[in-house]
Amino acid sequence: MTKKIAVIPGDGIGIEVVAAGLSVLQKIGKKFGHTFEYTKALAGGIALDTAGIPLPGETLAKCRESDAVLLGAVGGPKWDMNPQHLRPEQALLGLRKELGLYSNIRPAKIYSALVGASTLKKDVVDGVDLIVVRELTGGLYFGTPRGIEERDGEKVGFNTMIYSESEIRRIARSAFEIARARRKKVCSVDKANILETSQLWRAVVTGIAKDFPEVELSHMYVDNCAMQLIRNPKQFDVIVTENMFGDILSDAAAMLTGSIGMLASASVGGTVAMYEPVHGSAPDIAGQNKANPIATIASVAMMLRFSFSLGKEADAIETAIEDVLRAGLRTGDIFTEGTTLVGTREMADHICQRI
Ligand code: IPM
Ligand code: MG
């Protein structure tokens, strides 16, 4: 099989973790006889520095011509004071919108070897296996009107949380389809006691549930969900929620697994899907061979499984990750006493060796 992948390392540790991810992909290609062709593309701070905009048209074109996109992370203190449209994060929002990636799948599964690395008690996190399905191209992050303006002699900032029925319908379907292949439970998270968008959300999700009679649907307010994720995360199978709630809850879910450096994601819905670690660019440790590459390597596994239907190859990566963790190898973020501290490259090499 030959596949074309647009590779966007981005900024900070994005560069290192993507290099690690590609080394694993290389190994898979060699072992299973596939060819992966890469086209490097710029986005985020590095694109601002070289092209003056966070998401050059050329990058989008390269993504559209590829079979999948692998992204590292964007952003850094250097660009934090930039005006809104010249912030690195705009590249991510632009890619999601332009590629039509409305469904963001963020699995949080605890590796048994890492049960001790979580800040939560062992019996709370042991066995956690949930997926946050985050709506990715609507809601508060994209709604208009938005802005900062002068009203009655002072500045006001405002945003719009808006969802159409069709936007809710398609993300709900995405969640039910995923749940159908798992433990068959969807928890739809909203704030329907306050927000009209949430009231519509709840009604539409309830309607879609009728098409999936084998899946059990429950509803939960977002504040309660934040609490339940920490109190009893094992109650969840698939959580479906709007863009900002999903952004926040998926970071919380990530910590159940010990570190956000473990969490992979897939953004789907358009013709090409995008795969990226959930963590950001971590400027404080960038360029020091300290970053945990597992989130990116696991994202590569998701790419193989979802975009290329290479289930066996994806399994090989996931098993190799489990093996290195069981062997006691750890990057700093998941290090505990008695385990062996390794760098980004070494972690990737160990995973490659076990494939
Ligand atoms: C994420 C990140 C992004 C988001 C930022 C960097 C724009 O937090 O992917 O969760 O808010 O979606
Ligand atoms: Mg986030």
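What counts, and at which threshold
- Residues numbered from 1 in each chain as written.
- Chains lettered and ligands numbered in written order.
- Predicted model: local features only at pLDDT ≥ 70, side-chain atom pairs only at ≥ 80, totals over all residues.
- Heavy atoms only, no water.
- Helix = DSSP H or I, 4+ residues; strand = E, 2+ residues; numbered from the N terminus.
- Buried < 20%, exposed > 50% of the residue type's maximum accessible area, 1.4 Å probe, protein only.
- Contact = heavy atoms within 4.5 Å.
- Expected span 1.5 Å × (residues − 1).
- Arc of directions from axis to C-beta.
- Polar contact = N/O pair within 3.5 Å; in protein donor to acceptor, adjacent residues only side chain to side chain.
- Pairing = 2+ DSSP bridges.
- Axes fitted to C-alpha atoms, helices over the stretch in contact; angles between N-to-C directions.
- Near = heavy atom within 4 Å.
- Areas by Shrake-Rupley, 256 points an atom, 1.4 Å probe, with all protein chains shown as cover.
- 1 Å grid on protein atoms, 1.4 Å probe; cavity = no way out; pocket = protein on both sides within 12 Å on 5 of 7 lines; lining within 4 Å.
- Sits in = over half its atoms within 2 Å of the grid points.
- Nonpolar A, V, L, I, M, F, W, Y, C, P; charged D, E, K, R; others polar.
- Domains from an automatic or database assignment.

Draft legend 1. Structural view of the environment of Leu 310. Inspection of the secondary structure puts Leu 310 in the loop between helix 10 (294-306) and helix 11 (311-326). Given the relative accessible area of 8%, Leu 310 is considered buried. On a C-alpha basis, the gap between Leu 310 and Ala 113 in space is 26 Å, while along the polypeptide they are 197 residues apart. Not counting residues within four places of it along the chain, the set of residues in contact with Leu 310 comprises Met 1, His 34, Phe 36, Leu 304 and Arg 305.

Draft legend 2. Inspection of helix 9 (residues 243-256) at higher detail. Its 14 residues give helix 9 an end-to-end C-alpha distance of 20 Å, which sits within 8% of 20 Å, the value for a rise of 1.5 Å per residue. Listed in full, the buried residues belonging to helix 9 are Asn 243, Phe 245, Gly 246, Leu 249, Ser 250, Ala 253, Ala 254 and Leu 256. Within helix 9, the buried residues cover an arc of 160° as seen down the axis, which keeps them to one side. If you check the start of helix 9, you find a side-chain oxygen 2.8 Å away from the backbone N of Met 244, and it comes from Glu 242. Once helix 9 finishes, Gly 258 follows within two positions and takes phi at roughly 110°, a positive value.

Draft legend 3. Just the sheet that holds strand 10 (residues 238-241), in detail. Across the sheet, which stays open at both edges, the 10 strands sit in the order 2-1-3-12-11-4-5-10-8-9 with mixed pairing between neighbours. Both outer strands of the open sheet, strand 2 (35-40) and strand 9 (216-221), are each paired with one neighbouring strand and no more. With direction set aside, neighbouring strand axes in the sheet form an average angle of 25°. Here strand 4 (residues 103-109) runs beside strand 11 (residues 264-268); their pairing, made up of three bridges, is antiparallel. Each residue of the ladder has a partner; that of Asn 104, found in strand 11, is Ser 267. Here helix 6 (residues 165-180) sits on the sheet in contact with strand 4, strand 5 (129-135), strand 8 (185-190), strand 9 and strand 10, set at roughly 165° to strand 5.

Draft legend 4. Layout of the site of ligand 1. All residues in the neighbourhood of ligand 1 are listed as Glu 89, Leu 92, Arg 96, Arg 106, Arg 134, Tyr 141 and Asp 247. Contact between ligand 1 and Arg 134: an oxygen atom at 2.8 Å from a side-chain N or O atom of the residue. In the complex, the protein chains occlude 76% of the 320 Å² of accessible area that ligand 1 would expose alone. Here ligand 1 occupies the second largest pocket. In terms of residue count, the dominant contributor to the shell around ligand 1 is helix 4 (residues 89-98) (three residues). Considered class by class, the residues forming the shell around ligand 1 number two nonpolar, no polar and five charged. The two domains that each donate at least three residues to the shell around ligand 1 are domain 1 (1-101 + 260-355) and domain 2 (129-256).

Draft legend 5. Up close: the side chain of Asn 292. Within the secondary structure layout, Asn 292 lies in the loop between strand 12 (273-277) and helix 10. Exposure remark for Asn 292: the relative accessible area of 5% places this residue in the buried category. There is a polar contact of 3.3 Å between the side chain of Asn 292 and the backbone oxygen of Gly 261. Excluding residues that lie within four positions of it along the chain, Asn 292 makes contacts with Val 17, Gly 261, Met 262, His 279, Thr 331, Asp 333 and Ile 334.

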